[in-house]
Amino acid sequence: MNDLDEGFIAGYAGLCARADLLDRINVFPVADSDTGANLRISLGPLRACGGDRAVLASRIRRLATGNSGNIAAAFFSELLPAAGIDDLPRRAARGRARAWEAVAEPQPGTMLSVFDGLDAALATSPLTAATCPTIISALQQAVVLTASTLADLRSAGVVDAGALGMFVFFDGFCRTLTGYRGPRLPLAALFPDLLAIRTDFHPPASGSFCVDTIIRPGAGRRLDTEAMAALGESVVVVPDEDQVKIHIHTPDPQDLRRRLELLGEVVGWSDEALRPGTEAANHSPVPSGSLHIMTDAAGSLPREMARRHGITLLDSYIVAGEVARPESLCDPGMIYARMRAGEKVTTAQASLVERHELYAGVCEEYGSTLYLCVGSAFTGNHATAAAWKRDNDRQNLLDIIDTGAASGRLAVIALLVARHARRTVKADTVRALAATLVDSCREYVFIDTLRYLVAGGRVSRAGGWFGELLQLKPVISPTREGVRRVGVVRNRDAQLAFASDRLRHEAVGRGDMLVLLQYSDNRGWVEETVRPRVRSILPEADLLLVPLSLTSGVHMGPGTWSLAFAPVP
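Here the structure is a predicted model, which means the values were calculated and not measured.

Trainee: I keep staring at the pairing of strand S16 (residues 542-547) and nothing clicks. Help me out?
Mentor: Along a regular strand, successive side chains alternate from one face of the sheet to the other. Where strand S15 (residues 513-519) lies against S16, six bridges are found, and the strand directions are parallel. What sits directly across from Leu-517, in S16, is Leu-545. Tracing the backbone out of S15, into helix H22 (residues 523-537) and back to the parallel element S16 gives a crossover that is right-handed.

Trainee: Hey, could you run me through helix H5 (residues 66-79) in this one?
Mentor: Owing to its 3.6 residues per turn, the α-helix brings residues three or four apart onto one side. Taking 1.5 Å as the rise per residue, H5 with 14 residues should run 20 Å; its terminal C-alpha atoms sit 20 Å apart, in good agreement. Across the 14 residues of H5, 14 count as buried, placing the element largely inside the fold.

Trainee: Before we go on, may I ask you to explain the environment of Asn-2 in this structure?
Mentor: Within the secondary structure, Asn-2 sits in the segment before helix H1 (3-17). Overall, the relative accessible area of 35% leaves Asn-2 in the partly exposed class. A C-alpha to C-alpha distance of 9.6 Å links Asn-2 and Cys-49, two positions 47 residues apart in sequence.

Trainee: How should I be thinking about the pairing of strand S6 (residues 311-314) in this particular structure?
Mentor: Covered by surrounding structure in S6 are Ile-311 and Leu-313 together with Thr-312 and Leu-314, the residues of both alternating faces. Looking at chain direction, strand S5 (residues 292-296) and S6 are connected through four bridges and run parallel. Bridge pairing in S6 places Thr-295 opposite Leu-313. For the segment spanning S5, helix H14 (residues 303-308) and S6, crossover handedness is right-handed.

Trainee: So what exactly am I meant to see when it comes to the pattern of salt bridges here?
Mentor: Pairing between side chains becomes possible if they bear opposite charge and their charged atoms approach one another. Using the criterion set out here, one finds 35 salt bridges in the structure. Residue Glu-322 is joined to Arg-62 by a salt bridge in which the shortest nitrogen-to-oxygen separation is 2.6 Å. Taken together, the residues Glu-322 in the loop between strand S7 (317-320) and strand S8 (323-326) and Arg-62 in helix H4 (residues 53-63) connect sequence positions 260 residues apart. On the basis of relative accessible area, Glu-322 is assigned to the partly exposed category, the value being 45%. Classification of Arg-62 by relative accessible area gives partly exposed; the value is 32%. Here Arg-340 and Asp-521 are joined by a salt bridge, their closest N and O atoms 2.6 Å apart. Of this pair, Arg-340 sits in helix H15 (residues 332-340) while Asp-521 sits in the loop between S15 and H22, placing them 181 residues apart in sequence. For Asp-521, a relative accessible area of 34% puts it in the partly exposed group. Several salt bridges converge on common partners, so that one network encompasses Arg-18, Asp-171, Arg-175, Arg-184, Glu-357 and Glu-364.

Reading guide: rules and limits
- Residues numbered from 1 in each chain as written.
- Predicted model: local features only at pLDDT ≥ 70, side-chain atom pairs only at ≥ 80, totals over all residues.
- Heavy atoms only, no water.
- Pairing = 2+ DSSP bridges.
- Helix = DSSP H or I, 4+ residues; strand = E, 2+ residues; numbered from the N terminus.
- Right-handed = clockwise from strand over helix to strand, strands pointing away.
- Expected span 1.5 Å × (residues − 1).
- Buried < 20%, exposed > 50% of the residue type's maximum accessible area, 1.4 Å probe, protein only.
- Salt bridge = Lys/Arg side-chain N within 4 Å of Asp/Glu carboxyl O.

Following this line, the structure appears as structure tokens:
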């Protein structure tokens, strides 16, 4: 790994740490709260930058999603192959030109303006530790100007989310590459009063779909930006060897596909309805001084549910083939289908630099933060956070609790603690509640087959709890000491009977309960069979149905389901 690789890794880590903020202020071209997510997915190959960066550039073009992700892919396609720091001015100029060419209707006041600023700054000042603050300042000013350039941004009172994302990326990139150790001001100080959407801003409704597709053009067919502009809105076209990556908004994706099939072979396709609406509308006011809650995505806490409760998630990565994607941004159905087809799917921790950036980012944005960490028996996240706190947390802003939990148990603890934290400024009571829930929360995980645990090396073939030999289905519980086997059953009916018995003995009569039912690729059965049984036992419970965390699902396999519960304080 060389200095450029380290710069790209640092830039991506900083971007990931601020992705939730980018989603919250996403206004242009559609206020659909996904700029941060799209940039994380599109630039994901940079998390492990190294080796042939031209190959990484091609991978980014193929993975790019959304308007911001595809424009960024056009720019980084040219920047990534840079031979060294001295080659950056030439590569940035080419990237800037390619990004502008990729957009059918390019708009100043977007990330394109940041690319302009970087190109101009590098053209006049070589990137060194001495010039680093000047270059970062130029990018900052480019972002500030976006708030007054586009009408939507002026109405919303924010800077452009994509432009801010590129500022965050290149701030980390330039500092790491040059070794510049000057002060790093909080984003709120760099962009005062420009990081929260005005409460009176209401984005227009949209009946369109966001389409990302890869086309292999037919002989003599031209699929450039000009040719595609007539097919929809927000068009971005990025050539990739013998293929073309196209991003487009359309009211009729089926008709668009038929028209594109006349121009070439459709080798990749995804479409998703655009649902304009800012995150600010989904949040209730939080008392000033409240303790912010952070937890691991290894808890079965969907991204949207975490957002509604004001919880920051630290993602692990799901690795399938050449693609590593943040856990909370994966399509579980697709992952389980690939596993059932025999494809190897694994998990990976976020890099140290990514975790460090997230700790710093939440403390900068929210102040006092309580990190409800996945149990140390399952990952090293607690040790990593504790080491960062010891070396960096001069203001004592990050408090860390090793919950000893994972999956649904971690999610239940985080949800109940977050609900309480949003009603009080007494941090001690929040911490005390967390400690109580660590002891009182229970979870039972019902595994369909040991095949995936054996394949992942988590259960030996010789041992395998002997259940696989008899076609038995183990029941396990994640505890502070690790995974504990609490029973074995023969079929689904026996799983349901076991769960019902545990609820009657451990939940009935304990007051109001929060119950979290989790499914893998068996939502229909869990929803139609398990949920009514749970409701009959605990008719007054707050009963939630959510996907099993993919970290757990990849280890335990398709067919797994789980039940977690705790008394509501």
